[in-house]
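What the coordinates show
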Amino acid sequence: METLSYNIKIYATPEKVWEVLWTPESYQAWTKFFACDSTMTTDWKVGGKTYFGDGKGNGMISTIESIDEPKEIVFKHLGMIENGKEDLESEAVKSWAGALEKYMLFDFNGETQLHVEVDIQPEHAEFMNKGFDQGLAMVKHLAEK
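Summary of the structure given here. Given the structure is predicted, the values throughout are model-derived calculations rather than measurements.

Turning next to unusual backbone geometry. The omega torsion across Glu 69 and Pro 70 is 0 degrees, close enough to zero to call that bond cis. For Pro 70, the location among the structural elements is in the loop between β4 (59-68) and β5 (72-82). With a phi angle near 60 degrees, Trp 44 is a residue other than glycine that sits in the positive phi range. Within the secondary structure, Trp 44 is located in the loop between β2 (39-42) and β3 (50-53). The class for Trp 44 is partly exposed, based on a relative accessible area of 34%. For Asn 109, which is not glycine, the phi dihedral falls at a positive 55 degrees. Owing to a relative accessible area of 83%, Asn 109 belongs among the exposed residues under this scheme.

In structure tokens:
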């Protein structure tokens, strides 16, 4: 497992950036670079369930490890959903279960530094780099509108 980091300066408040990150419509706009019909369903509770989907019955099962809106959220990935079925036990899932995905927003007088860290298996680095490079540019665009 390795950790990738991304940073982007956004000329908007942390509250506005948070809204762009997690409101369903804007979430779909910036995560389309990972899967064109990306969705996120969550109860917004630490230890609760969060589902990241691709619109085709596949995705990830996660939980919120910690949340301090609008400064930070940490997701802990627990398993996969394939063809609508949850998998928390397979050897493939166990090889990466527990991976974290962190979003940290730092306020500099109405200008926000968005820092993202994501734990991944090395073979997914290129896909993640491309997705986050394009996705965070979209977050910036939407937040600065």
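Right, let's talk about the pattern of salt bridges for a bit. Across all of its chains, the model carries 5 salt bridges by this definition. Salt-bridge contacts for Glu 111 lead to Lys 9; the nearest nitrogen and oxygen are separated by 3.7 Å. Remark: Lys 9 occurs in strand β1 (residues 2-10) and Glu 111 occurs in strand β8 (residues 111-120); sequence separation between them is 102 residues. A residue is classified by how much of its surface remains accessible, and Glu 111, at 24% relative accessible area, is partly exposed. Across the salt bridge formed by Glu 144 and Lys 140, the nearest N and O atoms sit 2.8 Å from each other. Residue Glu 144 and its partner Lys 140 are both found in helix α4 (residues 125-144); the two are separated by 4 residues, about one turn of the helix.

Moving on to the packing of aromatic side chains. Applying the stated criterion across every chain yields a total of 14 aromatic pairs. Look at Trp 18 and Trp 22: their rings are 6.3 Å apart centre to centre, the planes differ by 70 degrees, and that puts the pair in the edge-to-face class. On the criterion of helical spacing, the pair formed by Trp 18 and Trp 22 is a turn pair, its members being 4 residues apart in helix α1 (residues 14-22). Residue class for Trp 18 comes out buried when judged on its relative accessible area of 6%. You can call Trp 22 buried: its relative accessible area is 8%. With a centroid separation of 5.0 Å and an interplanar angle of 85 degrees, the aromatic rings of Trp 22 and Tyr 103 are classed as edge-to-face. One end of the pair, Trp 22, is in helix α1; the other, Tyr 103, is in strand β7 (residues 100-108), and 81 residues separate them in sequence. Comparing Trp 22 with Tyr 103 shows no difference in burial state: the two are buried.

Definitions and limits used
- Residues numbered from 1 in each chain as written.
- Predicted model: local features only at pLDDT ≥ 70, side-chain atom pairs only at ≥ 80, totals over all residues.
- Heavy atoms only, no water.
- Helix = DSSP H or I, 4+ residues; strand = E, 2+ residues; numbered from the N terminus.
- Buried < 20%, exposed > 50% of the residue type's maximum accessible area, 1.4 Å probe, protein only.
- Salt bridge = Lys/Arg side-chain N within 4 Å of Asp/Glu carboxyl O.
- Phe/Tyr/Trp six-rings, centres within 6.5 Å; stacked < 30°, edge-to-face > 60°.

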